2 protein chains.
Amino acid sequence: MKLYEGLADYLRQRIEQGFVAGGERMPSIRALSREHGVSITTVQEAYRQLEDAGLVESRPKSGYFARLRSTTPDLPQVSRPVRRPIEVSQWEDVLNILGAEAPSKLFSLGHAMPDLAGATLKPLLKLWSMQARRSDMRGLEYDSLRGTEELRTQVARLGDHSGCQLHPDELIITTGCQEALFCALRAVTEPGDIVAVDSPCFYGAMQAIKANDLKVMEIPTHPESGLSIEALELAMEQWPIKALAVTPTCNNPLGYSMPDSRKRELLLLAQRFDIAIIEDDIYGDLTYAWPRPRTIKAFDTDGRVLLCSSFSKTLAPGLRLGWIAPGRYRSQVIHNKFVSTAASSTLSQLAVAQFIAEGGYERHLRKVRAQYQRYRDQMVSWLEEHFPPGIRISYPQGGYLLWVEFAREVDCVELNRELSDRQFRIAPGVLFSATGKYRNCMRLNFVNGVDAQTEEALCVLGDMIRQRYPD
Amino acid sequence: MKLYEGLADYLRQRIEQGFVAGGERMPSIRALSREHGVSITTVQEAYRQLEDAGLVESRPKSGYFARLRSTTPDLPQVSRPVRRPIEVSQWEDVLNILGAEAPSKLFSLGHAMPDLAGATLKPLLKLWSMQARRSDMRGLEYDSLRGTEELRTQVARLGDHSGCQLHPDELIITTGCQEALFCALRAVTEPGDIVAVDSPCFYGAMQAIKANDLKVMEIPTHPESGLSIEALELAMEQWPIKALAVTPTCNNPLGYSMPDSRKRELLLLAQRFDIAIIEDDIYGDLTYAWPRPRTIKAFDTDGRVLLCSSFSKTLAPGLRLGWIAPGRYRSQVIHNKFVSTAASSTLSQLAVAQFIAEGGYERHLRKVRAQYQRYRDQMVSWLEEHFPPGIRISYPQGGYLLWVEFAREVDCVELNRELSDRQFRIAPGVLFSATGKYRNCMRLNFVNGVDAQTEEALCVLGDMIRQRYPD
Ligand SMILES: Cc1ncc(COP(=O)(O)O)c(C=O)c1O
Ligand SMILES: Cc1ncc(COP(=O)(O)O)c(C=O)c1O
């Protein structure tokens, strides 16, 4: 065992045995170095390990703190969507939440915008600004169809974190993850086909299914282990399902990550029925525990997984930069990408590639992972405090979104309407179903986590629910 | 008549009567002011008028010069495409020209990339760089679905140039003109439908037709007056055509602009047969004569025209910023835009909006229009000098692309292949047809216009043709 590992173990025990309480300050690096007779670097390395394991967090200029630990709340029930292929509706509700105006105008607990205010994003803007001043004007040119070599190289390297060996040439850069999903869907289906999805499911994927005249088969999902493989198998025996679209890691909206073993099972099932898997990994790098779980793509042996992702949640959505590793569907995906947008923004690609190469991405991740985990804990506590008893709350393992399930009669679409003069919004559950199910659920973000405005909003919401539904 | 108009008239006569030869220096502003006893501003205004009329051009630091005037060359014949709806092929050829690598690596007479080296683009980069450093991080946020208010306002204002009164709310910002075309096509058709196009036709539009399982009906086109309205009428009587996709101003690849009267006729015909018009105006602001011709959209009374455009040719393609004015198809286009890319890059939108607001766009246009017209004249002269006799050349009224038609036996796909170790490329005509017609044609750009490398390339090409096809 290395020195720093021994020290990390010692500190872990102190926390786990309750000698240091959640939120309390950890011993300073200097103190530990003196006390244990080890170098500063060793102590730093030990803390890094604990940070990656989600046990401590660093706060700028004040050192390390033991994590606030919420206990698992009452989880939502396993979802029970319609048991046959159906057409997607709900576009009006989606349009409503997207809103006509820019999202920034409104304080929102409904959006899935990451925290953009942190110091670790600043260097990205600086690089962007520098790239814009390159004298060779490269940022203004048409990019190649696949995306810049620089960015593909960096994205391939990031694949290591999820056990995925990618070659830069296997990747195609897209205009956000949405374009990746759209191109993937079009590559593996014909109009009229059936696509299975995890339910509740990200509405962008479902609307893309609708736009391509596909039918959706919603599969029940467990709030901790994810998509029910058993239910999927049953569905595939009954219906000619062509593909599965799924967000197995830091799921939107539930927040779970499917265990690696279940991911492998899913792949085996897909092989058995010979269907394609569209894997949305957009929040995957935001798992609180590090190393992060693998992608299904990591187990893929015959190119049937189309891995889709972007920097919209890990860095910033305004970049509009995503990617797809399309496996054996490469040629169709290239055609789809060409006809839909021809190329992606060159300048942003160059800036992000440089940011990753200089270590900025990993530095930023380290920071926001710890931050979002702390926010989750705070959010869960607040919800238990300010919302009526009996609610069920998902317990995210990454990202900044969670799902709240109320009693049957609670109508979150109504609640949202009523909120319209309160200057904030939630995302009603109906968005995440093809048929307007989950009316008694809502998705909340905890991006702004521990600020007073968020707690205030939750109080308002809690009061509103208690008033409207006095048990 | 205003003072400057009188002076402009006088100078125009001097040029037209041959007192000043093409390429010759015009009298200096100071000299004219002294000679005619008018203010500096008056002389400047007179020169501006002549510049807009395409009679003189300004060269940085050396004053005004009379334009080199080429005479109209032997024009290509009216095109004669297949006379029934067909499926689009040619993707392999398109992929080939797009290439795997970034286009910048290769000197190319085939690409449609504008000149990015000019001084008038520099301020855009500066603004971009500044926007990236905004402390409110707005450039990193998700944009609203329609695009930023700032950019939509500016684009609506630019509509005035083409006689088009647009309200910012009618516009949707897209990821380049390609996404605008793609969303437009999907909004007005169902799989299996027939879409009429001008032939030869931009390959991106045709590949989008292919990707949506549509059939294409190629309509003959005159190299000066554009799409044959008579042939379109005949086609519509015979086939259930759903929409027309057309580039009527500064056409790619031919360079013509349809007269406003023919545009109006086209609209009337579309009304009579109740079809939608997808109008691609991407090169429209690059017409040499100013004010520029109107768009078909300018005559639209019942919202059947979907105007598509972008800044890819007027400013820079790396921006990936376009727009669509979808008329009555707005709601379908919004859905299509959401599912294909969700939003466009926020930062670039803010930078371009500011650039236009500060007058940078119009300043840049003024410069490149004059430059491209000069390059056209040079290019036509070089082609007549270095290519075998008997060729036919289109005579663009704007933009930087022209079309060369050779004798029947000349195979431009072959020529391009042979060029592969010469470090430059052309765009073979087959790209612009659904069925591989126009094999004996090529599209050339004259972006680099008057430099030695271009003339050298044309010599190489001319020799190659003469050798392969010794008459
Ligand atoms: C699960 C999931 N996939 C895809 C997307 C779309 O991502 P992008 O903004 O990169 O297009 C989102 C955005 O909310 C998402 O939550
Ligand atoms: C006529 C025409 N329309 C559309 C496009 C695509 O434009 P953008 O790069 O803005 O997507 C091009 C590009 O070559 C074009 O020539």
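Refer to the structure presented above.
Predicted model only: the values in this text are computed from it and were never measured. (Residues numbered from 1 in each chain as written. Chains lettered and ligands numbered in written order. Predicted model: local features only at pLDDT ≥ 70, side-chain atom pairs only at ≥ 80, totals over all residues. Heavy atoms only, no water.)

Some points on the sheet that holds strand E16 (residues 427–428) of chain A
All names here are of chain A. If you trace the four strands from one edge of the open sheet to the other, you get E13-E14-E17-E16, paired in antiparallel fashion. Edge strands, defined here as strands with exactly one partner in the open sheet, are strand E13 (392–393) and E16. In terms of strand pairing, strand E14 (residues 401–405) meets strand E17 (residues 441–445) through five bridges, oriented antiparallel. The residue of E17 that forms the bridge with Trp-403 is Arg-443. Packing of helix H13 (residues 360–386) onto the sheet brings it into contact with E13, E14 and E17, and relative to E14 it is tilted by some 20 degrees. (Pairing = 2+ DSSP bridges. Helix = DSSP H or I, 4+ residues; strand = E, 2+ residues; numbered from the N terminus. Contact = heavy atoms within 4.5 Å. Axes fitted to C-alpha atoms, helices over the stretch in contact; angles between N-to-C directions.)

As for the sheet that holds strand E13 (residues 392–393) of chain B
Strands belonging to one sheet form pairs held by backbone hydrogen bonds; the direction of such a pair is parallel or antiparallel. Residues and elements named next belong to chain B. The four strands are arranged E13-E14-E17-E16 in an open sheet whose pairing can be described as antiparallel. Strands at the two margins of the open sheet, each flanked by one partner only, are E13 and strand E16 (427–428). Bridge count between E13 and strand E14 (residues 401–405): two bridges; the pairing is antiparallel. Bridging across to E14, Ile-393 finds its partner in Val-404.

Side note on the pattern of salt bridges
All names here are of chain A. Per the counting criterion, the structure on display carries 50 salt bridges over all chains. The partner of Asp-411 in a salt bridge is Arg-439, with the nearest N and O atoms 3.2 Å apart. On the criterion of sequence distance, the pair formed by Asp-411 in the loop between E14 and helix H14 (412–418) and Arg-439 in the loop between E16 and E17 is long-range, its members being 28 residues apart. With a closest N to O distance of 2.4 Å, Glu-418 and Arg-468 form a salt bridge. Placement of the pair is Glu-418 in helix H14 and Arg-468 in helix H15 (residues 452–468), with a sequence separation of 50 residues. Here Glu-418 falls in the partly exposed class, since its relative accessible area comes to 31%. For Arg-468, a relative accessible area of 36% gives the class partly exposed. Connected through shared salt-bridge partners, Asp-274, Asp-302, Arg-304 and Arg-328 make up one network. (Salt bridge = Lys/Arg side-chain N within 4 Å of Asp/Glu carboxyl O. Buried < 20%, exposed > 50% of the residue type's maximum accessible area, 1.4 Å probe, protein only.)

Details of the site of ligand 1
For ligand 1, the set of nearby residues contains 14 residues, the closest of which are Asn-252, Asp-280, Ser-310 and Ser-312 of chain A together with Tyr-142 of chain B. Tyr-283 of chain A places a side-chain nitrogen or oxygen 3.3 Å from an oxygen atom of ligand 1. In the complex, the protein chains occlude 96% of the 400 Å² of accessible area that ligand 1 would expose alone. When the residues that make up the shell around ligand 1 are grouped by side-chain class, the tally is six nonpolar, five polar and three charged. (Near = heavy atom within 4 Å. Polar contact = N/O pair within 3.5 Å; in protein donor to acceptor, adjacent residues only side chain to side chain. Areas by Shrake-Rupley, 256 points an atom, 1.4 Å probe, with all protein chains shown as cover. Nonpolar A, V, L, I, M, F, W, Y, C, P; charged D, E, K, R; others polar.)

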